[in-house]
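Topology and contacts: notes
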Number of protein chains: 2
Amino acid sequence: MERDDLGALFARVVRRLMAAERPLLDAHGLTMWEYSVLTHLAKQPTETQQALAQAIGYDKSRLIPMLDKLAEDGLLVREPDPANRRAHTVRLTPEGRTRLNAAKTDVRAMEEDLLSALSPTERRHLLAALPRLADTD
Amino acid sequence: MERDDLGALFARVVRRLMAAERPLLDAHGLTMWEYSVLTHLAKQPTETQQALAQAIGYDKSRLIPMLDKLAEDGLLVREPDPANRRAHTVRLTPEGRTRLNAAKTDVRAMEEDLLSALSPTERRHLLAALPRLADTD
DNA sequence: GCTTATCATATGCAGATGCTTACAATTGAG
DNA sequence: CTCAATTGTAAGCATCTGCATATGATAAGC
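- An unreviewed UniProt entry lists chain A under the name MarR family transcriptional regulator, with Kribbella lupini given as the organism.

Take a look at the structure:
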């Protein structure tokens, strides 16, 4: 066995990232999933709730109470979609954006620290390769 | 936000890897965790159960019934440690090694397929970088 | 207009997970 | 010798996860 399985390697990296990230997000009063929702909304401003669940890979029925909580905290708003009265669009509030950016600053600093183990070339190649490995082509 | 968070990127890769790997392991009658145990035993032949749990990042109390099942299937044996009568050493049987190798062949083929999205240079850098990102230095 | 599909929402369930406590056998330290 | 720590094992618990089903409102196809 000349090297570890990719699955094992990637899983260890994810574990390490999550362990480092959790306390940072805690300090901003966010869970991983909440952070994931806010991040996605920052990229994709108006989005139906179902599409949001799909995009972040979260169960749509469990997303509801999470959005309830985030709305209650004033980080996002749900608005009736004028074009489709069944659907609600979800949008970040300015406070949501602020909170997200504050958390993201900390997360990015942690990531930089982790990436410092790599040479500039390796780092560049890693960041180029990851999105292609992540997406089903 | 110039790029996605590392956590999000790595998590997506892991999901994709797991989705591709699960049916392969299913075909060999193994779960991910069982595969992980067998893989570790192939590298580290004789190991105390606690050390094994620690090494693969699995809960030690939940490891017991899993080892029971793998032993029942004839893939490994638990033997009293002559040096410490509290401890049991765990060892792959020839059948365990055969089953692991069969599964690993399939897993490696799947990984090759996934890595084919990368250039040879990217691939080389990725494989060099991953272990360094995975281990707490 | 009637029927079917879609969306947000609520609820339940079976299994996984991380964590904790307990206990008997055994070891090691003082 | 005595006491604390370690090992394997069992059991419990709160939470998370994926999955399924139901329902009311609305939209879209025929």
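Right, picking up where we left off after that structure.
Looking at the overall build of chain A
- On a plain count of helices and strands, chain A comes out with six helices and three strands.
- In sequence order, chain A lays out its α and β elements as α-α-β-α-α-β-β-α-α.
- With the principal axes as the frame, chain A shows a C-alpha extent of 55 × 35 × 25 Å.
- Relative to its 137 residues, chain A shows a buried fraction of 29%.

Observations regarding the interface of chain B and chain A
- The interface of chain B with chain A comprises 41 residues on the first partner and 41 residues on the second.
- Elements supplying a minimum of two residues to the side of chain B that touches chain A: α1 (6-27), α2 (32-43), α5 (94-115) and α6 (120-134) of chain B.
- Residues that form the side of chain B that touches chain A fall into these classes: 23 nonpolar, seven polar and eleven charged.

A short note on helix α2 (residues 32-43) of chain A
- Here α2 of chain A spans 17 Å end to end across twelve residues, near enough to the 16 Å set by a 1.5 Å rise per residue.
- Among all positions in α2 of chain A, only E34, Y35, S36, V37, L38, T39 and L41 of chain A are buried.

Describing the UniProt feature "domain: HTH marR-type" (unreviewed entry) in chain A
- This chain's UniProt record puts "domain: HTH marR-type" (unreviewed entry) on residues 3-135 of chain A.
- A helix fraction of 69% and a strand fraction of 13% characterise residues 3-135 of chain A, whose end C-alpha atoms lie 24 Å from each other.

Describing the pairing of strand β3 (residues 84-92) of chain A
Residue and element names in this part refer to chain A.
- The pairing of strand β1 (residues 47-48) with β3 spans two bridges and is classified as antiparallel. Counted as the bridge partner of T48 is T89 from β3.
- Of the pairings in the sheet, the one linking strand β2 (residues 76-81) to β3 comprises six bridges and is antiparallel in character. By the bridge assignment, E79 is partnered in β3 with T89.

Some details on the protein's contact with DNA strand D
- Taken together, 15 residues are adjacent to DNA strand D, and R85 of chain A together with Q49, Q50, S61 and A87 of chain B come closest.
- Listed by contribution, the elements that provide at least two residues to the surface near DNA strand D are β3 of chain A together with α3 (49-56), α4 (60-72) and β3 (84-92) of chain B.
- No other element matches α4 of chain B, which puts four residues into the surface near DNA strand D.
- Here the surface near DNA strand D is built from residues that sort into three nonpolar, seven polar and five charged.

Concerning the protein's contact with DNA strand C
- Inspection of the region around DNA strand C gives 16 residues, with T48, Q49, Q50 and S61 of chain A together with R85 of chain B positioned closest.
- Where the surface near DNA strand C is concerned, the elements lending two or more residues are α3 (49-56), α4 (60-72) and β3 of chain A together with β3 of chain B.
- Of the residues in the surface near DNA strand C, the class split is four nonpolar, seven polar and five charged.

Quick word on the sheet that holds strand β2 (residues 76-81) of chain B
- Spatially, β1-β3-β2 (chain B) is the arrangement adopted by the three strands of the open sheet, whose pairing is antiparallel. Each of the sheet's edge strands pairs with one partner strand only, and the pair in question is β1 (47-48) and β2 of chain B.

Let's talk about the environment of Q50 of chain B
Residue and element names in this part refer to chain B.
- For Q50, the position within the fold is in helix α3.
- On the basis of neighbour count, Q50 is assigned to the exposed category, with 12 C-beta atoms found within 10 Å.
- When the C-alpha positions of Q50 and H88 are compared, they lie 9.4 Å apart, and in sequence the two are 38 residues distant.

Digging into the packing of helix α1 (residues 6-27) of chain A against α6 of chain B
- Here α1 of chain A crosses α6 of chain B at 40 degrees, and the two axes come no closer than 8 Å. It follows that α1 of chain A is oblique to α6 of chain B by the angle criterion. Taken as a pair, α1 of chain A and α6 of chain B cross one another with a handedness that is left-handed. Between α1 of chain A and α6 of chain B, the residues in contact are L9, R12, V13 and R16 of chain A and L130, P131, L133 and A134 of chain B, respectively.
- Within the contact of α1 of chain A with α6 of chain B, the residues separate by chemical class into six nonpolar, no polar and two charged.

Cut-off values and rules
- Just so you know, the residues in each chain are numbered from 1, in the order the chain's sequence is written.
- Labels are handed out in written order, letters beginning with A for the chains and numbers beginning with 1 for the ligands.
- Where totals are concerned, whole chains, interfaces and linings use all residues; where local detail is concerned, this predicted model gives features only for residues with pLDDT of at least 70, and gives and counts side-chain atom pairs only at 80 or more.
- Strands here mean DSSP runs of E at least two residues long; helices mean DSSP runs of H or I at least four residues long; both are numbered from the N terminus.
- Each residue is classed by its C-beta neighbour count within 10 Å, where at least 20 other C-beta atoms makes it buried, 12 or fewer makes it exposed, and intermediate counts make it partly exposed; the C-beta atoms are placed from backbone geometry.
- By definition, residues are in contact whenever their C-beta atoms, placed on the basis of the backbone, come within 7 Å of each other.
- Amino acids outside the nonpolar list (Ala, Val, Leu, Ile, Met, Phe, Trp, Tyr, Cys, Pro) and the charged list (Asp, Glu, Lys, Arg) are all regarded as polar, and Gly is one of them.
- One fewer than the residue count of a helix, multiplied by 1.5 Å, yields its expected span.
- UniProt positions are given in the numbering used here, feature names are shortened, and annotations may be inferred rather than shown by experiment.
- Note on pairing: DSSP must find at least two bridges between two strands before they are called paired.
- Think of it this way: take the backbone, place a C-beta atom on it, and check whether that atom is within 6 Å of the molecule or strand, in which case the residue is near it.
- For every element, the axis is a line fit to its C-alpha atoms; helices are fit only across the contacting stretch, and the angle between N-to-C directions ranges from 0 to 180 degrees.
- Small angles under 35 degrees read as roughly parallel and large ones over 145 as roughly antiparallel, with 65 to 115 read as roughly perpendicular and the rest as oblique.
- For any helix crossing, the convention is left-handed if the near helix is rotated counterclockwise from the far helix by under a right angle, and right-handed if that rotation is clockwise.

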